[in-house]
Amino acid sequence: MNAIGLGLPRPDAHAKVSGETIFSFDFAEPGTLAGKILRSKVPAGRIISIDVSKALSIPGVRAVITASDMPSVLGGWIIRDTPMFAREVVRYIGEPIAAVAADSVDCALRAVEAIVVEIEPTQAVCTIEDAIARGAPLVHPDLKNYRMAAGGEGGDYLRYGNIAAESASQGTDAQVDAEFARAFRVVEDVYSTQRQYQAYIEPRNAVGIYRGGRYIAHTGSQWPYNVRNRISQFFDVPISKVRVAGHPYGGGFGGKLDFSVEPYAIALSRACRGRPVKIVNTRHEDIITAPCREATVIKFRSALDAEGNILARDVECYMDNGAYTGEMSFLTCFPFHFAAINYRVGKLRAVGRLVYTNAAPTAAMRGVTGVPMYFALENHMDHIASELNVDRREYRLRHLFRSGDRMSNGQTLDDADILRKQFDAIEAIAPWNDIQSSKAPLHGIAISPAIWPTNPLPGSATVKLQEDGSVVVVTGANDNGSGAVETGIRQIVAHELGIDPNNVLMSDPDTDVGGFDGGSQGQRTTLVAGGAALAAAKDLKAKIIALAAKLLQCEPDMIELVDQQARIRHRPDVFVSLAELGATSTFSEGSLYGAGGSSIQPVAHDNGCASGMLAPVFNSPTYHVHFAEVAVDPVTGNVKVLRYIVAQEVGMAINPKSIAGQIQGGVTQGIGYALYESLRLSPTTGAPIEQGLESYRLPLSVDIPRVEIILTEHHNPNGPFGAKGVAEAPILLPAAVIASAISDAIGKPFFKVPVTPEDVLAALLADEPT
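One structure accompanies this document, and this report is about it.

1. Regarding the sheet that holds strand 23 (residues 571-577)
Sheet strands line up and pair through hydrogen bonds in the backbone, either parallel or antiparallel. The sheet built from three strands is open, its strands ordered 21-22-23 with antiparallel pairing. Two strands lie at the open edges of the sheet, namely strand 21 (559-562) and strand 23, each paired on one side alone. Across the sheet, the mean angle separating the axes of adjacent strands is 40° when strand polarity is ignored. As judged from the four bridges shared by strand 21 and strand 22 (residues 565-568), these two strands associate in the antiparallel manner. Each residue of the ladder has a partner; that of Ile559, found in strand 22, is Ile568. Across the sheet, helix 17 (residues 578-586) touches strand 21, strand 22 and strand 23, and the angle it forms with strand 23 is around 35°.

So this is what it looks like as structure tokens:
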């Protein structure tokens, strides 16, 4: 059966919409206790005392634990700077200080309120500007003593003061200065962006169990193996002592890649002699501790010659890390990557600095640092075009990357001409000059390109043939809602084995059962986890064919798998069913299994181009162009997105319907970032001003247009059946093109997102007579 390219519905769809699916939120064992966490109410301070005696005296309270009940260790994905509980100091509002297990949630909440904590407040630095100011108090005075995480999860890198990590171009300072000195024109801009909350439907939660000397978590995680590592660190035990069982969960978007409440639930279970403990964040708890997208301050400066060629570019990006570091150290090199991406730039100086602040830690969100960087880059390109008095689209095309051009990391892009093809594809349905010349007053348009990499972490899978001819895929990958596992991997395996996709069953991830997988992140699931499943299916296929050839008394190369059968090629009437083969193998020599792995091999690049390059390569790059048309209301300042077009390169479309859903969803989140969403922090306390979904403005259905989608296929030799990753890139450009289109509508640039109605009205009124 040909299963590739079909827009098949999700097999798990009915169960999810009917309420049958047991989400992580729903899971519990008999006798499960309720857990709650006491969190700091001050952004910075020294802990004088913690008195839990009143809490322990409350009937129904089973355990109260603090830092004194845990090993004195630090955890972390790359650098080990994170305590499980605050031990001597607190560094942000929401930091865990103690945890309670009780017979009910109400009882646990009363116990949390009864814990008496005395904290001596100290000066906090809650903004990027405050943290990098001369003489600012240090969030981590012992930064130099922190060690890197074990297991090769990251090399060392520059860190100092309140800079948690730094990545900077090497050896180009003199060249950049020389180009700026001879430039015909210099264009400078400073951009800022706010934090963005992932706003998943299901708050973070977990059931923790200490049983048989093992530390077990049942959770909804994008990356169970990462959670396993953090539990291992906090309890100071080998990973063999830890098991993480993944369950279906209500969205992640990067916010569920690292640990959250899992180690606290396990620690409470251990204190309660192995009884299961369940912790579920309220929305308030979730949002004040959210590992959200970082806020940024981005400075762009470009040197131009008389023809508008970019002689040099100087970029400085500050990224809000919050109080502790998860994967953010990886992202400090992204400003270097994106400072001169899409367009040819002569010389480059770029630096990315990750800044410790007394606020909740930030983390990955879909599109990671590329989203604010593309907003800054593309609006800076608009500024350049305006200074030169040339058309914005024409200026982009004149300087657009071509096949054979090199990125700032020295990597050659052999297929960059795809970018021009994407421009042409949009031009065919939305002619730029026609729309520009005929658009109504206070209407604006914009167009921008993007290049995006794929997370290269490896994956593994096994595929088992069952007695009825169905197959079970065991993978550490988890479906975070994209359908990449439930449809994509299912179709890949079905196609290879010649069976109906409905006869492919997917397991939930379990670190005790499946091989390592790098998690549902960075649009790697179809490409890498799917590649591992394909390798496993090929291994199983060879074993099926060998057994069929033995039963049919022919050579293996005469066998083909079609329609649930192994049959002799050119003699379709001579066959044996997969069910017969499954039963034969099971009751003779055992079930037939196939195993396989996959990874993206790195490409040639310049290792010495920059310092702190923890993510130096653009693996399996994809190419995208977005177009937006907006209308501005001059009375309210509201912006309406009238039309949105995406030309996306996908390698091979395994399931076009799933891809379309991801593009629509990514654009929706991008529109939210561009116009509505902003997790603002108090500059004095670091506490989120928006502390629930009532005040955190998400886009509504009436705010979102139907996205017009153009899928372009260019075979990827590294992907299963030529596929590439698709789910992350759609969020990259909405903020860039929408801010640009608003500027086109009113003739004023914008230097921050979200662009609020107040911002629009201020710009409209700026030139009016008083």
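From this point on, the discussion continues.
2. With respect to the pairing of strand 25 (residues 622-632)
Among the 11 residues of strand 25, 11 are classified as buried, and the element is accordingly described as predominantly covered. Side chains of strand 25 alternate between two faces, with Thr622, His624, His626, Ala628, Val630 and Val632 and Tyr623, Val625, Phe627, Glu629 and Ala631 buried alike. Bridge analysis of strand 17 (residues 443-452) against strand 25 gives 10 bridges, and the strand direction is antiparallel. Residue pairing for strand 25: Ile451 is matched across the bridge by Tyr623. Bridging between strand 25 and strand 26 (residues 639-649) involves nine bridges; their strand directions are antiparallel. The residue bridging His626 from the neighbouring strand is Val646, located in strand 26. Taking the residues that link successive antiparallel strands as the turn, the strand 25-strand 26 hairpin has six residues, and the phi of Gly637 there is positive, at about 80°.

3. Considering the pattern of salt bridges
In this structure the tally under the stated criterion is 42 salt bridges. The shortest N-O distance in the salt bridge between Asp744 and Arg392 comes to 3.3 Å. Of the two residues, Asp744 sits in helix 19 (residues 734-746) while Arg392 sits in helix 12 (residues 392-399), which places them 352 residues apart along the sequence. With relative accessibility at 22%, the residue Asp744 sits in the partly exposed group. Judged by relative accessible area, Arg392 falls into the buried class, the value being 13%. For the salt bridge of Glu427 with Arg393, the shortest nitrogen-to-oxygen distance reads 3.6 Å. A residue pair is termed long-range when its members are at least 10 positions apart, and Glu427 in helix 13 (residues 418-429) and Arg393 in helix 12 qualify at 34 residues.

4. Quick word on the nonpolar core
Among the nonpolar cores identified, the biggest contains 126 residues, and Tyr644, Ile738 and Ile742 are the most heavily contacted of them. Ranked by residues supplied to this core, first place goes to helix 11 (residues 370-388) with 10 residues. Setting aside residues up to four positions removed in sequence, Ile738 forms contacts with Ala628, Val630, Val641, Tyr644, Ile671, Ala674 and Leu675. Of all hydrophobic cores here, the second largest spans 36 residues; its members include Val493, Ala536, Leu540 and Ala548.

Conventions used here
Residues numbered from 1 in each chain as written. Predicted model: local features only at pLDDT ≥ 70, side-chain atom pairs only at ≥ 80, totals over all residues. Heavy atoms only, no water. Pairing = 2+ DSSP bridges. Helix = DSSP H or I, 4+ residues; strand = E, 2+ residues; numbered from the N terminus. Axes fitted to C-alpha atoms, helices over the stretch in contact; angles between N-to-C directions. Contact = heavy atoms within 4.5 Å. Buried < 20%, exposed > 50% of the residue type's maximum accessible area, 1.4 Å probe, protein only. Salt bridge = Lys/Arg side-chain N within 4 Å of Asp/Glu carboxyl O. Core = buried A, V, L, I, M, F, W, Y, C linked by side-chain atoms within 4.5 Å.

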